[in-house]
Amino acid sequence: MPDDETILDEKASSLTGITSRRQAIGVGTAVAAGMVGATMPALGATAQDPATTPLRVPVPLPALVPRADLVDVLEYETQARLVLGPAKVAPILGSDRTVTDRITLRPRMNIPTRDLDLTSTLFGDQHFTPIIVGPIADQKRFHPDGEVATARGASAAKAAMVVSSDASVPLAKIAQAATTPMWLQVYAKSPKVKDVLAEASAAKAKAVIVTINAGTSANGPATSASAHIDWAGVDAVVKGTSLPVIVKGITRPEDAKEAVARGAKGVVVSNYRGGNAAALTGTLLHVAPVVQAISDQIPVLVDGSFRRGTDILKALAFGAKGVLIGRPVIWGLAAYGAEGVQGVVEMLQTELARYMCMCGRPSLAAVDPSLIRVHGPLSAARNTHG
């Protein structure tokens, strides 16, 4: 059949100006090209400058793995990358596992663990496990519901939550979504300390974490590891509230002692220095010296690059009473909302329980330094205060 034979189909002929198969093909090609964002002329038409009509292939929506199919917390990071893209996900990427990965656990069998107990008491509240959702500022950067979704997810996992003073949602609204203990974080150098403390009291927060060695906010410039601690700021927080005050940013035993002397009811071993690229050398090997320095006078908590239940168990073996989880929680938030937060926390809880059983430790009280073995020289970690 000749290429130019007239198309007799009435429906095809209804296209204005179409009289032959060749022209129909030309129009169809142009329509198809338009569907992918490019303008392709019909046969015989003058070609346009490709610089002015670039081919634009549509970017498909990210195909998330069903949450139930994820097998470890690190897989949540991959899903967050899909949702947020390179620029938005950058502040919550990265970790330092150079210390964590050279600490191993000593398994112990034939120890009854049927009545496994992971409960922990901190500042007057009993916690389901010693895993606490740490403070991350401005969470609407990562999910439309921001801290409200995080509070719902943490509560569903029976975990306490620390709310940043730079939250993207009013504290009162976050408190309404939380059914587990809520703590509030503030910066020692912040000019709005009084307002934040009043807000914490009104929202019935259970404790206040004051971050030292950082800027006035999470988005401020990073400070050096040797920066002077603003003890006056810590004093202002202690005097300004009746809530237990926890000093976050401790890496040296002498600073832990100073925190106790100034009325702190807890410390967080942390290398946080402010800014978005704040991941420094891991904190695990700083825990034991701090615990020994304050002789169990106050609880010692820790944060920094905790990604597995085994990481948490190692921190507890060094003497920590609780572990704050930050970035992994936001991976879950970004990818799956409140359910993602719940999934991350519950995965860590399950892993912690599993490895406590495998090491023959039926309760947190049974976890001690004999559980772990550190491989390689310790001098580098001991001399690093970041």
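Now for a look at the structure at hand. (Residues numbered from 1 in each chain as written. Predicted model: local features only at pLDDT ≥ 70, side-chain atom pairs only at ≥ 80, totals over all residues. Heavy atoms only, no water.)

Here's the deal with the environment of D368
Here is the rule we go by: Helix and strand assignments come from DSSP, with helices taken as H or I runs of at least 4 residues and strands as E runs of at least 2, each series counted from the N terminus. The buried label applies to any residue whose accessible area, calculated with a 1.4 Å probe on protein chains only, is under 20% of its type's maximum; exposed applies above 50%, and partly exposed to all values in between. Two residues qualify as a contact provided that any one of their heavy atoms is within 4.5 Å of a heavy atom in the partner residue. A 3.5 Å cut-off defines polar contacts: any pair of N or O atoms within that distance qualifies, except that in protein one atom must be a possible hydrogen donor and the other a possible acceptor, and neighbouring residues in sequence count only when both atoms are side-chain atoms.
Along the chain, the position of D368 falls in the loop between α12 (338–358) and β12 (372–374). A relative accessible area of 29% places D368 in the partly exposed class. Measuring from C-alpha to C-alpha, the distance between D368 and K314 comes to 9.2 Å, with 54 residues separating the pair along the chain. What D368 contacts, discounting residues up to four positions off in sequence, is A317 and R361. Of the polar contacts made by the side chain of D368, one reaches the side chain of R361; its length is 3.2 Å.

As for the packing of helix α10 (residues 309–317) against α12
Spelled out, the test is: Here the axes come from fitting lines to C-alpha atoms, over the contacting stretch only for helices, and the angles between their N-to-C directions go from 0 to 180 degrees. Here roughly perpendicular refers to angles of 65 to 115 degrees, roughly parallel to angles under 35, roughly antiparallel to angles over 145, and oblique to all remaining angles. Definitions for this section: a left-handed crossing has its near helix turned counterclockwise from the far helix by less than a right angle. A right-handed crossing has that turn clockwise. Following the grouping adopted for this structure description, the nonpolar residues are Ala, Val, Leu, Ile, Met, Phe, Trp, Tyr, Cys and Pro, the charged ones are Asp, Glu, Lys and Arg, and the polar ones are all others, Gly among them.
As a packed pair, α10 and α12 sit with axes 7 Å apart at the nearest point and diverge in direction by 60°. With respect to α12, the axis of α10 lies oblique. When you trace α10 past α12, the crossing you get is right-handed. Residues G309, T310, I312, L313 and L316 of α10 form the contact with α12, whose participating residues are L348, E351, L352, Y355 and M356. Class assignment of the residues belonging to the contact of α10 with α12 gives a composition of 7 nonpolar, 2 polar and 1 charged.

Some words on a nonpolar patch on the surface
Using the following cut-off: Put simply, a patch holds well-exposed residues, over 30% relative accessible area, that have no salt bridge, with like charges counted together within 9 Å and Val, Leu, Ile, Met, Phe, Trp or Tyr side chains within 5 Å. Throughout, the Shrake-Rupley method with a 1.4 Å probe supplies accessible areas, and for residues the shown protein chains are the sole cover considered. Salt bridges are defined by distance alone: a side-chain nitrogen of Lys or Arg within 4 Å of a carboxyl oxygen of Asp or Glu.
Among the surface-exposed residues, L64, L82 and V83 lie close enough to one another that they form a single nonpolar patch of about 210 Å² accessible area. For L82, the location among the structural elements is in helix α3 (residues 74–89). Its relative accessible area of 40% is what places L82 among the partly exposed residues.

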